[in-house]
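# Overview (structure and organization)
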Amino acid sequence: MDRAAGGQVLQVVSGDGSFNTEGVDEFVKDTGVESSGVGYTVVAIMGPQSSGKSTLLNNLFGTRFEEMDALSGRNQTTHGIWLARSTKVAAPTTLVMDLEGSDGRERGEDDTSFERQSALFALAAADIVLVNMWAKDVGRESGAGKPLLKTIFQVNLKLFQPAPSRRRTVLLFVFRDRTKTPLEKLVDTWEGDLQRMWDSITKPPQYEDAALTDFFELQYAALSNYEDRAEDFLAETVLLRRRFTAGEGADESSFLRVSDEKLPGHALALSMAKVWEVVKEHRDLNLPAHRVMVANIRCGELMAEQLAAFKADAAWHALAEEAGADLAPAFGQRAADLMDSCLEGYDEEARYFEAGVSEARRADLVEALEALVRPAFEAQLALLRELALTVFKQQLQQEAAPGERFVDRAQRYSSEAMEQFDSQLSEVVVPDTEWDVAPARAQLQHDISAHVQTTRLEHVGRELAAAQKAAQRGVSSAAMSLFEAPPADLWPRLARVVAKASSKACAALVASVQGYGLEGAEVEGLYADVAAAARSQLLVHAHEAANTALSRLKDRFNQVFQRDEHGMPRTWQPSVDITAVTAAGRRAAAQLLSQLCFVRGDGEAPASAAVAAAEAAVQQLAEDGGGASGGTSGSTAAGAAAGGGGRRGGEAEASSFDLLSAAEWPGVGDEDVLLTPAQARSTWRQFMSDSTFSVQQALATQQANRAAQNRLPPLWAMAAMVVLGFNEFMAVLYNPLWLLFLLLAFLFARTVYLEMDVEAEMARGLLPGSIALSSKFMPAIRKVTRHTFDSAKTFLQDAPEESNTSNNNGNSNGGGGGVRRGGGAADAGLRSRRREVEMTDASHDTGTALHVGTEATTSSRKDN
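Bear in mind the structure is a predicted one, so any value in this text is a computation, not a measurement.

On to the overall build of the protein chain, then. Secondary structure assignment for the protein chain yields 27 helices and 8 strands. When the 864 residues of the protein chain are sorted by exposure, 39% land in the buried category. Sequence-distant contacts in the protein chain: of pairs separated by 6 or more residues, those separated by 24 or more amount to 76%. Accessible area for the protein chain stands at about 46,700 Å²; split by element, carbon and sulfur atoms hold 54% of it.

The structure is reproduced here in structure tokens:
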């Protein structure tokens, strides 16, 4: 027994097959297994020689098995079977067996009995058997050790006759130097191979229906390369060790199993000795014939050589590049010739070896060649499919013949494309292969159908969009004018506009998609889309009108309030009933507001009671609030009198709907609402506030006109003037100069009054009128003064001429006495003539002043 630091290492079986009975007994005592009862585990490892078995055990369990020195060459390191205790697994006590590697050159080609014996011994004596194998060997036959496993499975059933599902040995397959292939894929492949091996072995009658998992529990692990990725390898062994540990730090997927069939520790040495004795004496553990082994190796080499030559062939490279770029002429036949040439080279060399082995390897070579050629074949199929599809698309884009329907053209061109694909398929298919071209053909049919459907939908979509735009234009042109001056039947007329525009657009749409195979449901869907577009355009204009409802209400009110029935502006004479006109204008505005609150139907079907009640409630606003917001008590009383009868009828219609507290319109969907009841109330309040100012201006203008027509002072004023001014009046009568002066002053003041147009200016209001009169006062004084001086100058120029004429007439008619008498008469006539001239001038001045005042008054009224 050899000893090394960190634990004992014992050779259980020597290289010549001798069992070390005494050494095993002493080892079991020294390691404490004898006194541990069943609290121990035996782990063994098997696998090819120089595959790193000892290295794995040393890193995994902390043993000190001898490892191969790679610098000194690759040779056999472990001879026979060795045993050691794990120093890295505290519980349970773990014994580790390192078996001599299989397929070693030291024992030669024919001496493989020991590797089978040692493998069967490990399978019977150990609780867990590690099968060390290269990950790249998964899927191989001999490289993966399948013959050895197949043999030990068969002999294990024959020799030891285990009970199914009672004590199952854990088989842990460790895939070394893992590659990019996922562990799941390796496991799937390997379990399939194990199942085929199990099904192919000869079983005792009692095990005919038994499965491999009835006797073995299959586990898997993958490790990195020890030399290239040492850190990853060590980290992975630490994780793997946890699955051999019990208690604290144990992994959930532990390999440890509790079994009632397990022998106690003191019987372990005896059990191992008996197992080896049975295995040693069994004569069926012989290798296959040497010829078969040689055939496996040589045929594998030939296959690899031919496959490498095919990959390096310039003709194959040229064909692969040509196939990837464009359709290669006679691709299938050329590829088949290259494959046949490769197989002929293999057959020429492999015919001298075992027929079964050479045929199996030939099948592997065919599979490998097809795997190389298959991508190029798939590329050729894709190019062929793309070519047929491109030709089909080009033909379908061509202008159709007169009267030819789209569906007929699509069907004809589709048949031609499939015929083209089938005719060129023979150039692509590789002879003697079973590659299915049906999926490619089905894909082409699918692509053609998809393109036909896409083209059809694009055309129908374009025509539908054009029809929708046409319908929207038709609706816009009519709706804009109707909303500018909404009539009483606004919504029925809009409904007719929408129906007419939709009908016209649908007729054009149906004509443009004729021949595209539209079914009745699809046509109805197009009609619905066009109608929806027309209605959406109507709703756009309706919402625009509702958003400007306030200005529209004021325009409607002003249209009725500011103009009479003949369309002429109102002058607000005293005879005009402003209250009635105001009520009429507000009723018109309320009717317009009711039209802008929500969308109505076509008018052919009677409106629901709820909708009618909502309309009546909106129109009732004019009756309930027409006089309250008028601004004067007179207009309030008149509005109440004028609207009394209408109010009672409106209240009866709207009794079921309270506009003041309503949050939504009854019987109206959300999509048809233009103004909510709250918005309608707010709009009406703002309208009433704005319209009140116009009513107040009209009332003020009417009052000014009434005052202008009644110019006489009141009777009490006239009486006061007579009583209080009697003395002054008598003084003026006794003094003609005062009378003349007062007359001239009155005429001057009257002329200035008319020139300034006081009445018209004061009708605009006290403050604006005062400001305007203050600016016009001085210009009016200067103008009237200048006109008065001009009239006086004319009078003074004309007076001497008239006096000379009178003197001449007196001298010609009498003598001296006569002259005096005539002189007296002349003086009397002159005084009389002067009075006449003065009266004439005064009348002229008064007439002029009156004329100027009248013109100013007329001009002021026109400006107003």
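Before going further, it helps to examine the side chain of S594. Considering the arrangement of structural elements, one finds S594 in helix 17 (residues 578–595). With relative accessibility at 2%, the residue S594 sits in the buried group. If sequence neighbours within four positions are ignored, S594 has contacts with R600, E615, V618 and Q619.

Here we come to the confidence of the model for the protein chain. Here the protein chain averages 78 in pLDDT, and 81% of its residues register 70 or above. The weakest mean pLDDT in the protein chain belongs to helix 19 (residues 633–642) at 33; the strongest belongs to strand 4 (residues 81–85) at 91. Every residue in residues 1–6 is under pLDDT 50, and counting partners more than four places away or in other chains gives 15 contacts. Confidence drops under pLDDT 50 across residues 286–290; counting only partners more than four residues distant or on other chains, this segment forms 12 contacts.

Following both chains from N to C, one finds helix 12 (residues 406–425) and helix 13 (residues 438–484) inclined at 155°, their axes separated by 11 Å at the closest point. Considered as vectors, helix 12 and helix 13 are oriented roughly antiparallel to each other. Along this stretch, helix 12 crosses helix 13, giving a crossing that reads as right-handed. Along its contact with helix 12, which presents F406, A410, S414, A417, M418, F421 and D422, the element helix 13 presents A440, R441, L444, Q445, I448, V452, T455 and R456.

A few words on a negative patch on the surface. Taken together, the side chains of E22, D25, E26 and E34 present a region of like negative charge at the surface. Mapped onto the secondary structure, E34 falls in the loop between helix 1 (21–30) and strand 3 (40–46). Given the relative accessible area of 34%, E34 is considered partly exposed.

Below, the discussion takes up the pattern of salt bridges. Going through the model one piece at a time under the given rule, you end up with 17 salt bridges. Taking the shortest distance from any N to any O, the salt bridge between E322 and R334 comes out at 3.1 Å. A residue pair is termed long-range when its members are at least 10 positions apart, and E322 in helix 9 (residues 314–325) and R334 in helix 10 (residues 331–350) qualify at 12 residues. Exposure remark for R334: the relative accessible area of 31% places this residue in the partly exposed category. Where D347 meets R362, a salt bridge forms, and the shortest distance between an N and an O atom there is 2.8 Å. On the criterion of sequence distance, the pair formed by D347 in helix 10 and R362 in helix 11 (residues 355–397) is long-range, its members being 15 residues apart. Classification of R362 by relative accessible area gives partly exposed; the value is 25%.

Turning to the packing of aromatic side chains, a few remarks are in order. Scanning all chains against the criterion turns up 18 aromatic pairs. For the ring pair F557 and F561, a centre distance of 5.0 Å and an interplane angle of 15° mean the geometry is stacked. Placement of the pair is F557 and F561 together in helix 16 (residues 549–562), with a separation of 4 residues, close to one helical turn. The exposure classification of F557 matches that of F561, with both residues buried. An aromatic cluster is present here, built from F557, F561, W572, W684 and F687 joined pairwise through their rings. Over the face of the ring belonging to F598 we find R600, whose NZ or CZ atom lies 4.0 Å from the ring centre.

Glancing now at the pairing of strand 5 (residues 93–99). Counting buried positions along strand 5 yields 7 of 7 residues, so the element is predominantly enclosed. The alternating pattern of strand 5 places T93, L95, M97 and L99 and T94, V96 and D98 on opposite faces, both of which are buried. Pairing geometry for strand 3 and strand 5, over 6 bridges, is parallel. In the sheet register, Y40 faces strand 5, and the bridge partner there is T93.

Now for helix 5 (residues 183–200). Each α-helix winds once per 3.6 residues, and so residues spaced three or four apart point in a common direction. The end-to-end C-alpha separation of helix 5 is 26 Å, in line with the 26 Å expected for 18 residues at 1.5 Å each. The complete set of buried residues in helix 5 reads L186, V187, W190, D193, L194, M197 and W198. Seen end-on, helix 5 carries its buried residues on one side only, within an arc spanning 135°. Along helix 5, the residues that are exposed and aim more than 90 degrees away from the buried face are E184, K185, D188, R196 and D199.

Glancing now at unusual backbone geometry. A cis amide bond, omega -5°, links A91 with the succeeding residue P92. Positioned with a positive phi, D177 is a non-glycine residue whose angle comes to about 55°. Relative to the helices and strands, D177 is located in the loop between strand 7 (169–176) and helix 5. Classification of D177 as partly exposed rests on a relative accessible area of 23%.

This part takes up helix 17. Across its 18 residues, helix 17 extends 26 Å between first and last C-alpha, which sits within 8% of the 26 Å expected from 1.5 Å per residue. Most of helix 17 sits out of view: 14 of its 18 residues are buried. Here helix 17 starts with a cap whose side-chain oxygen sits 3.3 Å from the backbone nitrogen of T579, and that cap is D577.

The next point concerns the pairing of strand 4. Most of strand 4 sits out of view: 4 of its 5 residues are buried. Pairing of strand 4 with strand 5, which is carried by 5 bridges, proceeds in the antiparallel orientation. Bridge pairing links W82 to D98 in strand 5.

Turning next to the side chain of T55. Residue placement: T55 occurs in helix 2 (residues 53–61). Of the polar contacts made by the side chain of T55, one reaches the side chain of E67; its length is 3.4 Å.

Criteria and thresholds
Numbering of residues starts from 1 in every chain and runs along the sequence as written. Reporting of local features is limited, given that this is a predicted model, to residues whose pLDDT is at least 70; pairs of side-chain atoms are given and counted only at 80 or more, and all residues count toward the totals for whole chains, interfaces and linings. Only hydrogens and water are removed before side-chain values are computed, so all heavy atoms of the structure are retained for them. In this text, helices come from DSSP runs of H or I with a minimum length of four residues, and strands from runs of E with a minimum of two, each type numbered from the N-terminal end. Relative accessibility decides the category of a residue: with a 1.4 Å probe and only protein chains considered, values under 20% of the type maximum give buried, values over 50% give exposed, and everything between is partly exposed. Whether two residues are in contact is decided by their heavy atoms: any pair within 4.5 Å suffices. A 1.4 Å probe and the Shrake-Rupley method give the accessible areas. Residues count as covered only by the protein chains that appear here. Every residue gets a pLDDT, meaning the predictor's confidence in that residue, from 0 to 100. The axes are straight lines fitted to the C-alpha atoms, using for helices just the contacting stretch, and the angles between their N-to-C directions are given from 0 to 180°. Oblique is the label for any angle not under 35 degrees, not over 145, and not in the 65 to 115 range, which are roughly parallel, roughly antiparallel and roughly perpendicular in turn. Here a crossing is called left-handed whenever its near helix is offset anticlockwise from the far helix by less than a right angle, and right-handed whenever the offset is clockwise. Here a patch means residues that are over 30% exposed by relative accessible area and free of salt bridges, tied together within 9 Å if like-charged and within 5 Å if nonpolar (Val, Leu, Ile, Met, Phe, Trp, Tyr). Note on definitions: salt bridges are taken to be side-chain nitrogens of Lys or Arg within 4 Å of carboxyl oxygens of Asp or Glu. Under this rule, positive means Lys or Arg and negative means Asp or Glu; His and the chain ends count for nothing. Think of each charge as sitting on NZ of Lys, CZ of Arg, CG of Asp or CD of Glu. Note on ring pairs: Phe, Tyr and Trp rings are taken, using the six-membered ring of Trp, and paired if centres are within 6.5 Å. Classes follow the plane angle, with under 30 degrees stacked, over 60 edge-to-face and the rest tilted. Whether a charge sits over a ring comes down to the Lys NZ or Arg CZ being within 6 Å of the ring centre and within 35 degrees of the ring normal. One bridge is not enough; two strands pair if DSSP finds at least two bridges between them. A helix's residues, less one, multiplied by 1.5 Å, set its expected span. Directions drawn from the helix axis to the C-beta atoms are what define this arc. In protein, a polar contact requires one atom able to donate a hydrogen and another able to accept it; more generally it is a pair of N or O atoms within 3.5 Å, and residues adjacent in sequence count only if both atoms are side-chain atoms.

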